[in-house]
Every structure is written in structure tokens, then in C-alpha cells.
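# Results of the structural survey
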Amino acid sequence: MNAEPVEMLLNMGPQHPSTHGVFRMVLWVDGEKIVDVEPHIGYLHRGSEKLCEGEQYHQIITLFDRMDYVANFNNELVYCQAVEKLMGLAVPERAEYVRVILCELNRIASHLLYVGTIGLDAGAMTPTMFAFRGRERIQSLFEAISGARMMHNYFRIGGVKEDLPDNFERLIADLLPLLKEDVEESDRILTFNEIFLTRLKDVGSISAEEAIDFGFTGPCLRGCGVEYDVRKAQPYSVYDRFDFDIPVGLDGDCWDRHWVRVQEMYESLKIIEQALEQIPEGEVVSSLGRRLIRPPAGEVYVRAENPRGEIAVHLVSNGTDRPYRLKVRPPSFCNLSAIKRLLCESWIADSVVILGSLDIVLGEVDR
Amino acid sequence: MAANRHAAHDAEAEPEQPDYSVLTETGLRTLEAAAELFSDFSPERGLLSDLPQITVEAAGIEEVCRLAKTDSSLDLKMLHCLSCVDYEEHFELVYFLHSLEREQTLAIKTSVPYENPVLPSVSGVWAAAEWYEREASDLFGVTFEGNPDPSPLLLYEGFGGHPGRKSYPFYEYREF
């Protein structure tokens with residue numbers, strides 16, 4: 001038999017469970033090896049940045065909820081901080097603590113979702129169940145606080161919408177030990193599992209230099225061994241008052257990115273415990289934040305650490321009640337832009353794991 | 001309304017000297033080093049809230065970025081963000097560069113005319129630039145000469161117009 005090598009075209013997505021949303025890749029394969037990749041995004045492009053130009057400053061919070069819909073609180077925070085910086089608005093201390101507690105809980109919820117999906121991508125069904133149980137517990141708490149499991153619309157410019165519910169202390173005291181168990185369980189069942197290690201170790205490696213060139217941030221950058229976290233490098237809110245570590249990987253492969261995320265959940269639990277000890281009584285929203293907001297003309301650029309990486313907002317104001325321009329730097333957008341570099345010369349079977357290890361949210365990539 | 005919409009632009013055009021005391025020590029050093037390094041490209045110093053900002057001519061943006069990335073006095077290894085702002089008479093492109101070692105961000109600004117918005121691509125300097133530039137050409141119609149893949153990124157092939165522009169009828173919904 002005379003078999004010529006043939007390059008084949010393989011379409012993945014947009015309706016494919018392993019693409020974590022509506023992401024499409026066209027793969028050129030030579031046997032099982034990927035030769036070239038053409039990523040297609042934009043299926044979820046809603047023009048969020050342009051929509052912001054037509055809404056008043058308070059109304060935009062809901063649009064930020066819908067960008068990274070797995071880390072709603074973190075997204076609301078960076079927007080509120082941008083407007084506050086533009087206005088020079090001080091936030092009551094209690095509100096800062098409430099924000100930090102909710103953001104760190106949201107980080108755990110987001111990473112648990114990631115642990116669940118990377119398990120599925122690597123072929124393990126059980127970790128998903130553990131991870132989603134924990135995530136559901138966090139979301140029930142979010143519902144008790146803000147009234148919604150997702151799309152909370154709870155943070156306000158100058159604070160938060162209202163004080164925590166009366167039974168919050170009991171709720172969180174009940175939640176934390178269970179959550180710790182969930183995190184530990186999903187860690188133990190997956191991280192050092194032999195099959196999982198074989199699937200992820202030395203797959204999708206990228207050097208620190210290249211990662212910085214592609215604009216990697218967050219766990220993807222730290223997985224390459226770069227110790228960088230905005231919460232430490234340029235502490236915003238009250239992050240300078242907590243004692244926590246930055247987990248760092250070694251080789252920049254899929255497993256390192258996974259390990260960094262798992263360790264970050266433990267660090268977030270540490271931050272939440274400290275924040276609960278330190279949280280003061282008092283107001284939760286600045287009185288200026290309740291009015292119609294008209295920041296002075298000017299520009300700001302504000303960064304924050306989201307579960308997926310560094311989010312930044314470039315806000316241009318012309319002194320009216322609506323922004324002149326609002327540009328979001330979404331972390332997954334940059335992390336995903338390296339997909340071609342990561343997938344070329346790897347196997348088709350690994351493509352799903354590599355994409356999963358980047359932990360993208362298409363709502364944020366496409367905006 | 002029309003006068004208001006230009007307010008942000010007009011405020012910048014004022015010759016008033018910005019107050020550099022808001023900059024940190026590293027920020028001030030970065031601003032001075034950048035102004036010196038880019039001296040061939042008529043740099044103008046400025047401030048973007050508390051960040052150092054340099055305005056250069058659009059034609060030299062690629063060399064400026066290459067210098068900013070490779071010169072050891074700046075070390076701006078990461079293209080953090082590329083933002084395009086439509087001021088109706090011109091487009092302003094803001095390159096946010098970041099140095100992880102120095103923990104310093106520098107904003108490099110450049111303008112292109114509204115009628116013929118063309119400038120050199122920086123995708124040869126940073127790999128991250130390719131998608132940012134494709135996004136800006138989708139939404140604003142800015143052409144980046146030298147971008148390896150000028151096809152639409154967020155919009156579909158054959159989409160009419162540039163929805164990021166102020167002139168695009170964005171709020172007149174069309175129902176299907």
C-alpha cells in the first residue's frame with residue numbers, strides 16, 4: 001500500500017463542550033500532530049465597551065458583571081475602582097473589607113469551576129462533582145448577600161449596595177470549614193493523580209520570556225515561574241493588610257498552571273479568614289456614591305488581579321454622566337492569543353487540555 | 001452636547017503644565033529616560049492620572065516601542081493594553097507598556113487622522129499586539145501596516161462599518 005502523508009483540516013467548535021463557550025479552532029493536522037491553528041473568536045461579541053458609552057456610570061456595573069461571568073465581583077471591583085480614582089472618592093473601610101471577602105470567595109468559586117472543567121478535559125468526571133458542590137455553596141452565600149447567584153450588581157461606586165445580612169457571620173462560619181474541605185478534596189483527588197499528571201505535565205509549556213511577550217498574566221504567568229501578583233506588587237483596596245503568599249510554578253506547563261490555581265484557593269481562604277477578623281463596623285457606601293455621578297474630565301488606567309489574570313480599565317471621561325470611552329484589558333484575551341503558539345507541534349488529544357489550562361471565559365475575550 | 005463631547009480632548013490640548021509630583025520616583029525616572037530615548041520622535045511629556053505619558057508621532061511608533069522594550073533604562077517587556085479612542089477628528093492610540101521588574105507602567109500616545117488612519121504595526125515587537133491591533137481595526141477602522149493577519153477578529157467577515165466609532169449608529173437597534 002502506498003500511503004502519502006496528507007494534511008487534514010479539523011474543525012473544533014464553536015459548539016464543542018471542550019472549548020468552554022463559543023470558541024472555534026480550525027486545526028491543520030498531520031496524523032495526530034497539529035501543524036497549524038486558526039483561532040476564531042467573536043461569537044459572543046456584544047459591543048460591551050461601546051454599550052458603556054451610552055449608560056450612566058452606575059448602570060455600567062451590570063455590564064461588567066456580564067464580561068467575566070465567572071468572576072462577577074472581581075469585575076465589578078475594578079470598574080468601581082476606576083471611577084473612584086477618577087473622582088478621588090474615598091471608600092468606607094468596612095466596604096473595602098466586604099469587597100475583599102467577596103472577591104476572594106469569587107476567586108475560589110472561579111478556580112473551583114476551573115478544577116472541575118480541567119478534570120473533564122483530562123477525562124475525570126468525579127472531581128467536577130466535588131468542585132461544583134463547593135462552588136454552589138459559595139454561590140448560595142452570594143445569593144444571600146446580593147440576591148443573585150451570578151450577575152450580582154452589588155458593588156457601587158464608593159462602596160457596596162447595602163450592608164451584609166444580619167446572619168452573615170453565621171453563614172460564613174458555616175461555609176468556611178466546608179469550603180476548605182471541598183478545596184482539599186478537589187485538590188487531593190486530582191492534582192497528584194498519576195493519570196492527570198501524565199496528561200498535564202510537560203504539555204503546553206511556555207517560557208517566562210515568551211509568556212510576558214504574549215501578555216500573560218495571573219496563574220498562567222505565575223505558572224512560568226514569574227512571581228508577580230498585582231495584589232502584592234501594587235496593593236489596591238486593603239490587600240496590603242493581609243499576609244498571603246504567591247504560589248509560583250516551575251516549568252510553565254499545564255500542570256504548573258493547575259497547581260498555581262489550586263494553591264491560590266488556599267491563599268484566598270487565608271485572606272478571607274484575616275479579613276473576617278479585621279472587618280470594622282461602619283458605613284458601607286460613601287454618601288457621594290449615591291448621587292448621579294459626573295466625574296471630572298480626565299483619564300485613568302486601573303489594574304486589578306482577577307482569577308484569570310490582570311484586568312485593567314482605561315476610562316476616559318469628558319465630564320458628563322457617561323464615559324467617553326471605556327476600554328477593558330481582559331486577561332483571557334491575552335492568554336488566549338498564545339493558543340497558536342501553544343498548540344502547534346502538540347497532539348490533538350492535548351489541545352483540549354491546553355485550552356482548558358488557560359481557563360478562558362469567552363464573555364470576557366469577546367466582550 | 002457636541003461641545004461637551006470634545007471636552008476631554010480640549011482639556012488635554014491646554015498648554016497648562018501638568019503636576020509631576022503625583023509620580024513616584026520610578027515613574028519620574030521612567031518619564032525622563034523615555035523622553036531622552038525617544039528624542040528622535042519629538043516626544044511630549046505628560047501625565048495619565050498618576051502614570052507617566054509620552055506622546056510621539058505615529059510614523060515612529062514601531063521604533064519607539066522597540067526601544068522601550070529593549071533598552072535597559074526602561075525594560076518595558078510587556079504590552080499591557082492597546083486602547084483606541086475616537087475623538088471624531090482623530091483617533092488616539094494609547095499603548096500601555098509595563099515593566100514587571102520595576103513595577104512601572106508607561107503610556108505611549110499617538111494620533112492618526114480620522115480620514116486616513118494608518119500607522120505601523122508593533123506586532124513585530126510584542127506577540128500580544130497582533131490581537132489588540134486586529135480588534136482596533138475591527139472596531140475603529142484603523143489600519144496597522146505590517147500586521148501579519150488583518151482579517152476581522154471580533155466581527156465577522158463582511159461586517160459593514162466600524163461599530164466602535166462615535167459615528168456608528170449603535171443605539172438604533174435593528175430587529176431581525
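Keep in mind that what you see is a predicted model, and the values were worked out from it rather than measured. (Residues numbered from 1 in each chain as written. Chains lettered and ligands numbered in written order. Predicted model: local features only at pLDDT ≥ 70, side-chain atom pairs only at ≥ 80, totals over all residues. Heavy atoms only, no water.)

## What to know about the overall build of chain B
Each helix and strand in chain B was counted, giving five helices and seven strands. For chain B, the α and β elements follow one another from N to C terminus as α-α-α-β-β-α-β-β-β-β-α-β. Contacts in chain B between residues far apart in sequence, at least 24 positions, make up 54% of those at least 6 positions apart. Accessible area of chain B: about 8,300 Å², with a carbon and sulfur share of 50%. (Helix = DSSP H or I, 4+ residues; strand = E, 2+ residues; numbered from the N terminus. Contact = heavy atoms within 4.5 Å. Areas by Shrake-Rupley, 256 points an atom, 1.4 Å probe, with all protein chains shown as cover.)

## With respect to the interface of chain B and chain A
At the interface, 49 residues of chain B touch 45 residues of chain A. Buried area between chain B and chain A, summed over both chains or domains, comes out near 3,800 Å², and the portion from carbon and sulfur atoms is 61%. Across the pair Glu135(B) and Arg367(A) runs a salt bridge whose closest N-O atoms are separated by 3.0 Å. At the junction of chain B with chain A, the criterion picks out 20 residue pairs in polar contact (both at pLDDT 80 or more). Among the elements of the structure, helix H1 (2-5), helix H2 (7-13), strand E3 (78-86), strand E4 (90-99), strand E5 (104-113) and helix H5 (129-140) of chain B are those that each provide at least two residues to the side of chain B that touches chain A. Take the side of chain B that touches chain A: its biggest share by element is eight residues, from E3(B). (Buried area = accessible area lost by both parts, 1.4 Å probe. Salt bridge = Lys/Arg side-chain N within 4 Å of Asp/Glu carboxyl O. Polar contact = N/O pair within 3.5 Å; in protein donor to acceptor, adjacent residues only side chain to side chain.)

## A short note on the pattern of salt bridges
For side chains bearing opposite charge, pairing can occur when the charged atoms are close. The full count for this structure, using the stated rule, is 46 salt bridges over all chains. Close ionic contact of Asp50(B) with Lys85(A) constitutes a salt bridge, the shortest N to O distance being 3.0 Å. On the criterion of chain membership, the pair formed by Asp50(B) in the loop between strand E1 (44-48) and strand E2 (51-55) and Lys85(A) in helix H3 (residues 72-87) is interchain, its members lying in two chains. Residues Arg222(A) and Glu305(A) are paired through a salt bridge, measuring 3.1 Å at the closest nitrogen-oxygen approach. Here the residue Arg222(A) occupies a position in helix H9 (residues 219-222), and Glu305(A) occupies one in strand E6 (residues 298-306), the gap between them amounting to 83 residues. Each member of the pair, Arg222(A) as well as Glu305(A), carries the same accessibility label: buried. Within the structure, one salt-bridge network assembled from shared partners comprises Glu104(A), Arg107(A), Arg222(A), Asp229(A), Arg231(A), Glu264(A) and Glu305(A). (Buried < 20%, exposed > 50% of the residue type's maximum accessible area, 1.4 Å probe, protein only.)

## Brief notes about helix H5 (residues 126-146) of chain A
Residue and element names in this part refer to chain A. An ideal rise of 1.5 Å per residue puts 30 Å on 21 residues; H5 measures up with 30 Å between its terminal C-alpha atoms. Among the structural elements, H3, helix H4 (93-122) and helix H6 (168-190) are those in contact with the buried residues of H5. Within two residues after H5, Gly-147 carries a phi angle of roughly 95°, on the positive side. (Expected span 1.5 Å × (residues − 1).)

## Topic: the pairing of strand E7 (residues 309-317) of chain A
All names here are of chain A. Most of E7 is tucked away, with nine of its nine residues classed as buried. Adjacent in sequence and paired antiparallel, E6 and E7 are bridged by two residues. Of the pairings in the sheet, the one linking E7 to strand E8 (residues 325-329) comprises five bridges and is antiparallel in character. Directly across from Ala-312, in E8, lies its bridge partner Arg-329. (Pairing = 2+ DSSP bridges.)

## Remarks on unusual backbone geometry
Note on backbone geometry: most residues besides glycine have negative phi, and most peptide bonds are trans. Residue and element names in this part refer to chain B. Even without being a glycine, Asp-75 presents a positive backbone phi close to 60°. Along the polypeptide, Asp-75 turns up in the loop between helix H4 (61-70) and E3. Accessibility expressed as a relative area gives 17% for Asp-75, which makes it buried. Here the phi dihedral of Glu-88 falls at roughly 70°; this positive angle occurs in a residue that is not glycine. Residue position: Glu-88 is located in the loop between E3 and E4. Under the relative-accessibility criterion, Glu-88 is labelled partly exposed at 27%.

## Quick word on the sheet that holds E7(A)
All names here are of chain A. Read from one edge of the open sheet, three strands run E6-E7-E8, paired in antiparallel fashion. Looking at strand neighbours, the two that pair on one side only are E6 and E8, the edges of this open sheet. Along the sheet, successive strands turn relative to each other by an average axial angle of 15°, direction set aside. In this sheet, E7 lies alongside E6 in antiparallel orientation, the contact comprising nine bridges. (Axes fitted to C-alpha atoms, helices over the stretch in contact; angles between N-to-C directions.)

## Let's talk about H4(A)
Helix length check: H4(A), at 30 residues, gives a terminal C-alpha distance of 43 Å against a target of 44 Å (1.5 Å per residue), a fit within 8%. Of the residues flanking the end of H4(A), it is Gly123(A), one or two places downstream, whose phi is positive at about 100°.

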